[in-house]
Every structure is written in C-alpha cells, then in structure tokens.
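The chain contents come next:
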Protein chains: 2
Amino acid sequence: MTDEPRGAAEAVDSVLVALADPTRRQLLDLLAAQGEATATTLAEPLPVSRQAVVKHLAVLATAGLVSGSRVGREVRYAVRPAALNATARWMTALAADWDRRLANIKRVAEAAQRDSR
Amino acid sequence: MTDEPRGAAEAVDSVLVALADPTRRQLLDLLAAQGEATATTLAEPLPVSRQAVVKHLAVLATAGLVSGSRVGREVRYAVRPAALNATARWMTALAADWDRRLANIKRVAEAAQRDSR
DNA sequence: TCTATGTGCAACTCTTAAGTTGCACCCGAC
DNA sequence: GTCGGGTGCAACTTAAGAGTTGCACATAGA
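Residues numbered from 1 in each chain as written. Chains lettered and ligands numbered in written order. Predicted model: local features only at pLDDT ≥ 70, side-chain atom pairs only at ≥ 80, totals over all residues. Heavy atoms only, no water.

Undergrad: Give me the interface of chain A and chain B: which residues, what numbers.
TA: Taken together, the contact pairs 29 residues of chain A with 29 residues of chain B. For the pair chain A and chain B, the summed buried surface comes to about 2,600 Å²; carbon and sulfur atoms form 76% of the total. Among the residues chain A hides against chain B, the three largest losses belong to Leu84, Met91 and Trp98 of chain A. Together they make up 26% of the total. Scanning the region where chain A abuts chain B turns up two salt bridges. Where chain A meets chain B, there are four residue pairs in polar contact (both at pLDDT 80 or more). (Contact = heavy atoms within 4.5 Å. Buried area = accessible area lost by both parts, 1.4 Å probe. Salt bridge = Lys/Arg side-chain N within 4 Å of Asp/Glu carboxyl O. Polar contact = N/O pair within 3.5 Å; in protein donor to acceptor, adjacent residues only side chain to side chain.)

Below, the structure is given as structure tokens:
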C-alpha cells in the first residue's frame, strides 16, 4: 500500500527522508552505476546486512526513487529519476523564493532608510 | 564549532538531514515569510515548545540554512539561500546523471537486441 | 533598582529508525 | 526429487532524534 499517487508535499517529504540517510544515498549510487541489481548483490560492498539493504530499498521504493521487479527468484531494483527530478525542482523553486523574499526585504529596508533621513 | 567550511558531501548531507524534518521545513517557511524572527516568536504558531524550536534552529544553522544574530537580548534568525541553492544544484545534477545512465543502458540493451537477432 | 521577558543550559522521557539474527519459503539447476 | 542460493517475515536490540520541563542568566524598560 501507500503506493497510490500522493500529494506533492508528501512526495517531497518521503524523498527528503529517503535521501537523508547516507547508506541509502550510497545504495542509490550503486544502483545508478550498475543499472540493475538485487538486494543481495547490493549488500556485498556495503558494511550492512542484506536485510538492512532490503529495508532501505523499501524506503526508497516508497519515495519512488527505485523500483523492483521480480525476475525468476530474484528481485532486480533500478533507479527511478522522476521523483528525484520533482524534488530537485521543488528545491530550486524554494531557493528562488527565498532569494526573491530577501531581495524584497532588502528593498524595503533601503526605502525605509531613505525615508528616515 | 562545526562552522568552518566543510566538504561538499557533508554540506549536502547536513542540508538533507535538516530538510527531512517537517517541523524544520515549517520553521523555514515561517522564517522566509517573516524575513527575521526570534525563536520565541517562531514557537508561537507551532505546536512545540520554544526549546524544541531552538534545537531545530541549531540544526538548520549547522546546515547553513539559517543564521542568527544577537540584537540586544534577543537572537534574530534569518534564512540563508546559499546552502539550499547548492543542494538544489547537487540534486539536479544527480537527477541528470541518472537520466544519462538510464539512457545509456537503454541504448546498450537495444544494441544487444539488434546483435542477437 | 526592580521587574518582566527572552535566552541558554542540562537532565530527562519517549518514540522511531537502523541494524541484527533466525528461520521459513520459493524457485532454478543438477 | 533435492539441493543451494535468493527472498520474505518476524522478533529483538540499540542508538539517536524530537520534545519536554525546570532553572539560571542577561537585558530592556518602568
């Protein structure tokens, strides 16, 4: 569950939470480098157990950053750029908004200083 | 401490960790809207104590997302767009890298299919 | 000076994320 | 069939983050 399209806010939230963990970022790096990989394979170079990797992959999948598909007895995971793209856009827009507000505040402050002298 | 310029990796990490918490994002929204505010003021509309807000602001400050300056007996915090901008760029670049890799894999797969028939 | 308000520090609770181990199950290969 | 490697599920431990309360300290203003 928790797989139906959520609101943009929840989507961004889940992506940020997913990316906040260094092990998960490392996992994403490995996946991006290999294209496709199983949880067992991914766990090998990492200092954690396969089960830990499985849990991380579940978090990443909930965030829409990866997806897994069963092939025979193994599950192959791959990276999903869409969610990351969306979050990157959200962050860029937020940064622009801050810049805009700060410029505005600066402008108001200067105007006030002009008036006071 | 922890205020000297760190590596890009740690900077991104701290920003992501900071943004992963919804209360901190709300705090950033409030700060961006008001331009400047104290911890006490920021805590009022929020469902948490002033101390909780202070801790969140400390996390945000470590990430470089806000900065506080003492004015008399109060400490005024303001938003700092630079760290957010840097992280947004990092994320955009990462998304582009994923897209590039996926396109590459797709190309290789198609070439292999052509060869096999 | 006295008071009220904002800040800083410390100790504490509570929840949850991260990781572990153990075992049952499934499926491909021999 | 059976054997081995890959998955999935569950229970458990542990560490850290989020929040709280209480109190001491500092400063603007009456």
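Undergrad: Lay out the protein's contact with DNA strand C with the relevant residues and their values.
TA: Every one of the 21 residues lining DNA strand C counts as a neighbour, but Ser49, Lys55 and His56 of chain A together with Thr40 and Gln51 of chain B are closest to it. Looking at DNA strand C alone, sugar and phosphate atoms form 47% of those within 4 Å of the protein. In this structure, a phosphate oxygen belonging to DNA strand C sits 2.2 Å away from a side-chain N or O atom of His56 of chain A. Contact between DNA strand C and Gln51 of chain B: a base nitrogen at 2.7 Å from a side-chain N or O atom of the residue. Per element, the largest residue contribution to the surface near DNA strand C is four residues, and it comes from helix 4 (residues 50-62) of chain A. Tallied by class, the residues present in the surface near DNA strand C amount to four nonpolar, eight polar and nine charged. (Near = heavy atom within 4 Å. Helix = DSSP H or I, 4+ residues; strand = E, 2+ residues; numbered from the N terminus. Nonpolar A, V, L, I, M, F, W, Y, C, P; charged D, E, K, R; others polar.)

Undergrad: Can you tell me about helix 2 (residues 22-34) of chain B, naming the residues and giving the values?
TA: Note on helix geometry: an α-helix contains 3.6 residues per turn, so any two residues three or four positions apart are oriented the same way. All names here are of chain B. Counted at 1.5 Å a residue, the expected span for helix 2 with its 13 residues is 18 Å, and the 18 Å between its end C-alpha atoms agrees. All buried positions along helix 2 are accounted for by Arg24, Arg25, Leu27, Leu28, Leu31 and Ala32. The arc that holds the buried residues of helix 2, viewed along the axis, is 155°, so those residues lie on one side. For helix 2, the capping residue at the N-terminal end is Asp21, with a side-chain oxygen 2.9 Å from the backbone nitrogen of Thr23. Positive phi appears at Gly35, one or two residues downstream of helix 2, with a value of about 85°. (Expected span 1.5 Å × (residues − 1). Buried < 20%, exposed > 50% of the residue type's maximum accessible area, 1.4 Å probe, protein only. Arc of directions from axis to C-beta.)

Undergrad: So what's going on with the pairing of strand 1 (residues 66-71) of chain A? Which residues, and what values?
TA: Residue and element names in this part refer to chain A. Note that strand 1 and strand 2 (residues 74-79) share six bridges and pair antiparallel. Each bridged residue has a counterpart across the sheet, and for Arg70 the counterpart in strand 2 is Val75. Counted between consecutive antiparallel strands, the loop separating strand 1 from strand 2 contains two residues, among which Gly72 sits at a positive phi close to 65°. (Pairing = 2+ DSSP bridges.)

Undergrad: Tell me about the relation of the copies chain A and chain B, and name the residues and values.
TA: When chain A is fitted to chain B, the best match, at an RMSD of 0.0 Å, comes from turning it 180° and sliding it 0.0 Å along the axis. Such a combination of rotation and displacement between the chain copies is what one expects of a two-fold axis. Within chain A, the C-alpha atom positioned nearest to the axis of rotation is that of Ala88 of chain A, 2.9 Å from it. Of all interface residues in chain A, 100% are interface residues in chain B too; the two copies therefore contact each other through one and the same surface. (Least-squares fit on C-alpha atoms with pLDDT ≥ 70 in both.)

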